[in-house]
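# Structural features, examined
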Amino acid sequence: MSKKKNKVRFGLKNCYYAKATFDEDGNVTYDTPKRLPGAVSIGLDPEGESENFYADDIVYVVLNNNAGYEGDLELALIPEEFLKDILHEEEDANGVLLENADTTFERFALLFEFTGDQHAIRHVFYCCSASRPSAEGDTKEDEKEVNTEELSIIASALANGYVKAKTSANVSKAVYDAWYDAVYMPPAAAEEETLGDEGDDGETEPQG
């Protein structure tokens, strides 16, 4: 990758989602990312406030409360595959999608990129949940106007504390090019999960 840094960023494209599966310990695995075409806009605002702890007549410690992000993803049209994979809408034998009040929604990683003057900045939010989209529309008048759809998104932290990641000017070409092939996890976190899996086989080391 080029080491040149962006001076500005603009645009939104290459939006993907990857369904997340969690085990009893909170470790996560992801399906292969799938495309969310027609991304119009995204706005995820940080949740949680910093608090000052005072001692010795000064701000002794600043306590950071990172409660993730919350906002909206606007799409030209929410894909049926997302509705079935994440919101668990059911397609019957007649090709009709049904919403059931008893279903539980899946969590997922959300991937996308902002265009920059030097290179695109690629993002991933690791643990997202989405609410049901509104059913809205307007009558057709003299001019056709596209009615977009919105997903309300809450992005929270994984068990290891990670909320999101994005590429920098120093990202390796291999990581950058593979961003949408699989959800990127930091090497340290991946190693911890591997070690955790190896330690769950119930075997003990022989005592010398």
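See above for the structure.
About the thresholds
- Residues numbered from 1 in each chain as written.
- Predicted model: local features only at pLDDT ≥ 70, side-chain atom pairs only at ≥ 80, totals over all residues.
- Heavy atoms only, no water.
- Phe/Tyr/Trp six-rings, centres within 6.5 Å; stacked < 30°, edge-to-face > 60°.
- Helix = DSSP H or I, 4+ residues; strand = E, 2+ residues; numbered from the N terminus.
- Buried < 20%, exposed > 50% of the residue type's maximum accessible area, 1.4 Å probe, protein only.
- Lys NZ or Arg CZ within 6 Å of the ring centre and 35° of its normal.
- Patch = residues over 30% accessible without salt bridge, like charges linked within 9 Å, V, L, I, M, F, W, Y side chains within 5 Å.
- Areas by Shrake-Rupley, 256 points an atom, 1.4 Å probe, with all protein chains shown as cover.
- Salt bridge = Lys/Arg side-chain N within 4 Å of Asp/Glu carboxyl O.
- Core = buried A, V, L, I, M, F, W, Y, C linked by side-chain atoms within 4.5 Å.

## A closer look at the packing of aromatic side chains
How two aromatic rings sit relative to each other is given by the distance of their centres and the angle of their planes. Across all of its chains, the model carries eight aromatic pairs by this definition. The interplanar angle of 20 degrees and the centroid separation of 4.6 Å between the aromatic rings of Tyr16 and Tyr180 together place this pair among those described as stacked. Here Tyr16 is found in strand 1 (residues 9-22), whereas its partner Tyr180 is found in the loop between helix 2 (173-177) and helix 3 (187-198), with 164 residues between them in sequence. Here Tyr16 and Tyr180 have matching classes, each one buried. Ring centres of Phe112 and Phe114 lie 5.4 Å apart, and the angle between their planes is 65 degrees; on these two criteria the pair is classed as edge-to-face. Its relative accessible area of 3% is what places Phe112 among the buried residues. Taken together, Tyr69, Phe112, Phe114 and Phe125 form an aromatic cluster joined through their ring pairs. The ring of Tyr176 has Arg122 lying over it, and the distance from NZ or CZ to the ring centre is 4.1 Å.

## Details of a nonpolar patch on the surface
Together, Phe53, Ile58, Tyr60, Val61 and Leu63 make up an exposed nonpolar region whose accessible area comes to about 480 Å². At four residues, the largest contribution of residues to the nonpolar patch is made by strand 6 (residues 58-63). Within the secondary structure, Tyr60 is located in strand 6.

## Regarding the nonpolar core
Leu36, Phe82, Phe108, Leu110 and Ile153 are the most contacted members of the largest nonpolar core, which totals 24 residues. When residues of this core are traced back to their parent elements, those giving at least two are strand 1, strand 7 (69-75), helix 1 (80-85), strand 10 (108-116), strand 11 (121-130) and strand 12 (149-156). Tallying contributions element by element places strand 10 first for this core, with four residues. Grouped together as the second largest cluster of nonpolar side chains are 16 residues, Tyr30, Val124, Cys127 and Leu158 included.

## Here's the deal with the pattern of salt bridges
Evaluated as defined, the whole model comprises six salt bridges. Measuring nitrogen to oxygen at the nearest pair gives 3.1 Å for the salt bridge that ties Arg132 to Glu99. Within this pair, whereas Arg132 is found in the loop between strand 11 and strand 12, its partner Glu99 is found in the loop between strand 9 (97-98) and strand 10, the two being separated by 33 residues in sequence. Looking at Arg132, the relative accessible area reads 54%, which means it is exposed. Among the residues examined, Glu99 registers a relative accessible area of 52% and is labelled exposed. Among the charged side chains, a salt-bridge network with shared partners connects Lys34, Glu81 and Asp85.

The values reported here are purely geometric and, on their own, carry no functional implication.
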